Amino acid sequence: MLDLLAPGLPDELGERLTREDYKRDFRERRAAIRDGESWKLERLQHFEETNDDSREALRQGDWPAVLRLFEAERDALVRRARDEASRGAVLHRIRVVEEPLTPYVQWELHWLRLSAECGHSVRVLPVSAVAAAEGDTLLPELSLLDSRVLYRVLYTAAGQPDGAMRFTDPSTVRKWAEYLQELYAAAEDVQAYFGRAVADLPPPPAA
């Protein structure tokens, strides 16, 4: 277990963004990054992805279709990784996992393993590692871009996207950047975790 308490993230320091405003703001800021690292923390174990054919295949219980759709994205993933590397704009992704894996997380780990194969930076952290940072409240879903802006990504109770809170206060962003870097340093490469804990699992049930 990491003996790390998460920094505070009071709503009054942030600005509420609608889903569309968040998507636009994130996309524009990320595209503008040059020589700056970014971080993404995923803590929830179930999301309702929208406009995603492979997610719909999971809902239908069509696991072969999930894998085919993932593989069809390999070339695009490689191009994206090369573009990010050329701009010095690498996004480091941290996925917290609870075992046994939910169908969603098992589905996502196949995608994250493929992403790592294509050059993206992905690591996995067991939930036990963040126990010191969690009491009655789970760690937030976060995206931090270029040590300049932090988003607490919001979801409904059903796991559907619901916009974000945007934080630009330098002290808040700096503290979370340092915290996420420590989580990432303690995490396991997704390909190693996948080979040990995911590769031999049967297909997940429809979800």
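Anything mentioned here points back to the structure above.
Attention here is on the structure that accompanies the text.

Reading guide: rules and limits
Residues numbered from 1 in each chain as written. Predicted model: local features only at pLDDT ≥ 70, side-chain atom pairs only at ≥ 80, totals over all residues. Heavy atoms only, no water. Helix = DSSP H or I, 4+ residues; strand = E, 2+ residues; numbered from the N terminus. Buried < 20%, exposed > 50% of the residue type's maximum accessible area, 1.4 Å probe, protein only. Phe/Tyr/Trp six-rings, centres within 6.5 Å; stacked < 30°, edge-to-face > 60°. Lys NZ or Arg CZ within 6 Å of the ring centre and 35° of its normal. Pairing = 2+ DSSP bridges. Polar contact = N/O pair within 3.5 Å; in protein donor to acceptor, adjacent residues only side chain to side chain.

A cis amide bond, omega 0 degrees, links E99 with the succeeding residue P100. Turning to its location among the elements, P100 is positioned in the loop between β3 (91-97) and α5 (103-117). Of note in this structure, D146 is not a glycine but carries a positive phi near 55 degrees. Tracing the backbone shows D146 in the loop between β5 (141-145) and β6 (149-155). Residue class for D146 comes out buried when judged on its relative accessible area of 18%.

Within the structure shown, the criterion is met by ten aromatic pairs. Geometrically, the ring pair formed by Y22 and Y151 is edge-to-face, given 5.1 Å between the ring centres and 65 degrees between the ring planes. Placement of the pair is Y22 in helix α1 (residues 19-31) and Y151 in strand β6, with a sequence separation of 129 residues. For the cation-ring pair, R55 lies above W107, with the distance from its terminal atom to the ring centre recorded as 5.9 Å. When the ring centre of F194 is taken as origin, the NZ or CZ atom of R113, which lies over that ring, is 4.7 Å away.

The next subject is the sheet that holds strand β4 (residues 121-126). If you trace the eight strands from one edge of the open sheet to the other, you get β1-β7-β6-β5-β2-β3-β4-β8, paired in mixed fashion. Edge positions in the sheet fall to β1 (15-17) and β8 (188-189), since each of these pairs with one other strand and no more. The pairing of β4 with β8 spans two bridges and is antiparallel. When the bridges of β8 are listed, R123 appears paired with D189.

What follows covers the side chain of E134. Within the secondary structure layout, E134 lies in the loop between β4 and β5. Overall, the relative accessible area of 16% leaves E134 in the buried class. Within the structure, E134 has its side chain in polar contact with the backbone nitrogen of L139 (distance 2.8 Å).

Next up on the list: the pairing of β6. In terms of burial, β6 is largely enclosed, as six of its seven residues are buried. Taken together, the five bridges between β5 and β6 define a ladder with antiparallel strand orientation. Opposite S143, over in β6, you have Y151 as the bridge partner. Here β5 folds back onto β6 in antiparallel fashion, the turn holding three residues, of which D146 has a positive phi close to 55 degrees. Linking two consecutive strands that pair antiparallel, namely β6 and strand β7 (residues 161-167), is a turn of five residues; a positive phi of about 90 degrees is found at G159 within it.

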